[in-house]
Amino acid sequence: MADVVQLCADLIRFDTTNRGGGDAEPERPAAEYVAAFLDGLGIPSKILEAAPGRASVIARVPGSDPSLPALLVQGHLDVVPADAADWSVPPFAGEVRDGYLWGRGATDMKDFVAMVLAALAGGVRPRRELVLAFVADEEDRGDWGAHWLVAEHPSLFEGCVAAISESGGYTYHVPAADGRDVHLYPVGTAERGTAHLRLTARGRAGHGSRPNDENAVTRLVGAVHRIAAHRWPVSLTPAVRAFLERAGAALGVPVDLSSSDGVDATVAALGPAGALVVPTVRNSTTPTMLDAGYKVNVIPSTASAQVDVRVLPGTEDALFAVVDELLGEGVTREFVANQPPVQAPVDSPWFSAMAAALRSEDPEAVVVPYCLGGGTDAKAFAKLGIENYGFAPLWLPKGFPYRAMAHGVDERVPVEGLHFGTRVLSRFLASV
């Protein structure tokens, strides 16, 4: 049987840094490693490149019941940058120390790729056909990875009705009202949409010493302030509502979802568990960039800003209608990027199978759905009608700062967590 820790360490040692904007180390060497490993298991694969070196691996694994629709198992091979000067260990060494495997990608998400490969090497016999997609460019826009594959090669995913990937299935230790250590396992069933807006204010150019009631900078500042200060109302998606109800019941916390104040109080009462849903009970509009003028004594005719908008499923039209009201005179908006929100059924055979697989390895597991505040390649595959779940199982010890690992300094994953995740995935793939 292949050692999942060694597989993950090998993958970490491929520097697949993605700096964004097309500036990236090639994923091709890591893709060739994965393809060669699959070939050694008798699983044929193909490598596709959207641009030289920007490689993704696709394979199909037959299931024991060909009448069942296929499951997509997808992950990404690229990672965000890591400055070695900030790290305790070299970020691409794949070093095991103190019971952890250290390195960039250890939790985001070369661990998942390694666990899937280890499960297949361990002889798991899936009930249904699996489509494996280990792709490039997730850490930027997916233009060289999942979004390109979906646009240019949709037939590769023919027959897939559901998918599993990152951001879910990990242990989240939370103290209950009676002091018990509750093992929450959030499984991603939805993602907020990502819309990056460019605001452009237009006015009358002039000298900075003279009054000007058509100042583009003033108009832009007003619009940005109104958007940033707006308090978006609570909007409970099925995933967030189910999380609050089920986590509250497990923790012995009273749950009041009848009003915005009640929701806010419930989130606060959940303690550490509430942190998982703070970003997803409301939409958010966060100004992040400003650009105006070329000389301090010249009022420019235009000024612009960019706003990071995260929108919950089912709220897009209402949100942008309010944004348009907040812009004010002389300010327009346009999309720099727009990836709509996605959601899958909270209660489904897929979710039930994930919960059963987790409980088989941790009988104390309380499996709850949740909505991701950010985004993943699920947004690409959702265009094909595929229901996407965040299910990359890991056992995490109490006190481990998992949510600080992805994109953080000293990223690492517990060795036992990798073995746990491999067993859970094996059970899930054999049963679903």
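As named in an unreviewed UniProt entry, the chain is Peptidase M20 dimerisation domain-containing protein, taken from Amycolatopsis vastitatis. Under the Cofactor (unreviewed entry) heading, UniProt states for the chain: "Zn(2+)".

Caption draft 1: Representation of the sheet that holds strand β12 (residues 193–202) within the structure. Taken in spatial order, the four strands make up an open sheet running β14-β16-β12-β17, and their pairing is antiparallel. The open sheet has two edge strands with one neighbour each: β14 (284–292) and β17 (331–339). In this sheet, adjacent strand axes meet at a mean angle of 20° when their direction is disregarded. The pairing of β12 with β17 spans eight bridges and is classified as antiparallel. Across the sheet, the residue bridging to Thr-200 is Thr-332, located in β17. Sitting on the sheet, helix α8 (residues 316–327) touches β12, β14, β16 (302–311) and β17, and the angle it makes with β17 is about 150°.

Caption draft 2: Seen up close, the sheet that holds strand β21 (residues 412–414). Taken in spatial order, the three strands make up an open sheet running β6-β7-β21, and their pairing is antiparallel. Each edge of the open sheet is held by one strand with a lone partner, namely β6 (95–97) and β21. Between one strand axis and the next, the sheet turns through 25° on average, direction left out of account. In this structure, strand β7 (residues 100–102) lies alongside β21, joined through three bridges in antiparallel fashion. Across the sheet, residue Trp-102 finds its bridge partner in β21, namely Arg-412.

Caption draft 3: Spotlight on the pattern of salt bridges. For the structure shown, the criterion picks out 25 salt bridges. Residue Arg-28 is joined to Glu-49 by a salt bridge in which the shortest nitrogen-to-oxygen separation is 3.2 Å. Taken together, the positions of Arg-28 in helix α2 (residues 28–40) and Glu-49 in strand β3 (residues 45–51) put the pair 21 residues apart, joining distant regions of the chain. Residue classification places Arg-28 among the partly exposed positions, given a relative accessible area of 28%. For Glu-49, a relative accessible area of 32% translates into the label partly exposed. For Glu-334, the salt bridge is made with Arg-198, and the minimal N-O distance between the two is 3.6 Å.

Caption draft 4: Structural view of the pairing of strand β19 (residues 365–372). When you tally the buried positions in β19, you get seven out of eight residues, the bulk of the element. Sheet topology note: the strand β11 (residues 181–191)/β19 ladder contains eight bridges and is parallel. Each bridged residue has a counterpart across the sheet, and for Tyr-185 the counterpart in β19 is Val-367.

Caption draft 5: Representation of the packing of helix α3 (residues 110–121) against helix α11 (residues 415–431). Between α3 and α11, the shortest axis-to-axis distance is 9 Å and the interhelical angle comes to 55°. Here α11 runs oblique to α3, going by the angle between their axes. Crossing handedness for the pair α3 and α11: right-handed. For the pair α3 and α11, the contacting residues are Asp-111, Phe-112, Met-115, Val-116, Ala-118 and Ala-119 in the first and Gly-417, Leu-418, Gly-421, Thr-422, Leu-425 and Ser-426 in the second. For the contact of α3 with α11, the residue count by class is seven nonpolar, four polar and one charged.

Calculation notes
Numbering of residues starts from 1 in every chain and runs along the sequence as written. This being a predicted model, a pLDDT of at least 70 is required before a residue's local features are given, and a value of 80 or more before pairs of side-chain atoms are given or counted; all residues contribute to the totals for chains, interfaces and linings. The basis for the side-chain values is all heavy atoms of the structure; hydrogens and waters are excluded. UniProt positions are given in the numbering used here, feature names are shortened, and annotations may be inferred rather than shown by experiment. Here a strand pair is declared whenever DSSP counts at least two bridges between the two strands. Numbering of helices and strands starts at the N terminus; helices are DSSP runs of H or I of at least 4 residues and strands are runs of E of at least 2. To get an axis, fit a line to the C-alpha atoms, keeping to the stretch in contact for a helix; angles then go from 0 to 180 degrees between the N-to-C directions. Contacts are assigned to residue pairs that have any heavy atoms within 4.5 Å of one another. In what follows, salt bridge is the name for a side-chain nitrogen of Lys or Arg lying within 4 Å of a carboxyl oxygen of Asp or Glu. Think of it in three bands: residues with accessible area under 20% of the maximum for their type are buried, residues over 50% are exposed, and the middle band is partly exposed, with areas taken using a 1.4 Å probe on protein chains only. Small angles under 35 degrees read as roughly parallel and large ones over 145 as roughly antiparallel, with 65 to 115 read as roughly perpendicular and the rest as oblique. Should the near helix be turned anticlockwise from the far one by less than a right angle, the crossing is termed left-handed; should it be turned clockwise, right-handed. Charged residues are taken to be Asp, Glu, Lys and Arg, nonpolar residues to be Ala, Val, Leu, Ile, Met, Phe, Trp, Tyr, Cys and Pro, and polar residues to be all remaining types, Gly included.

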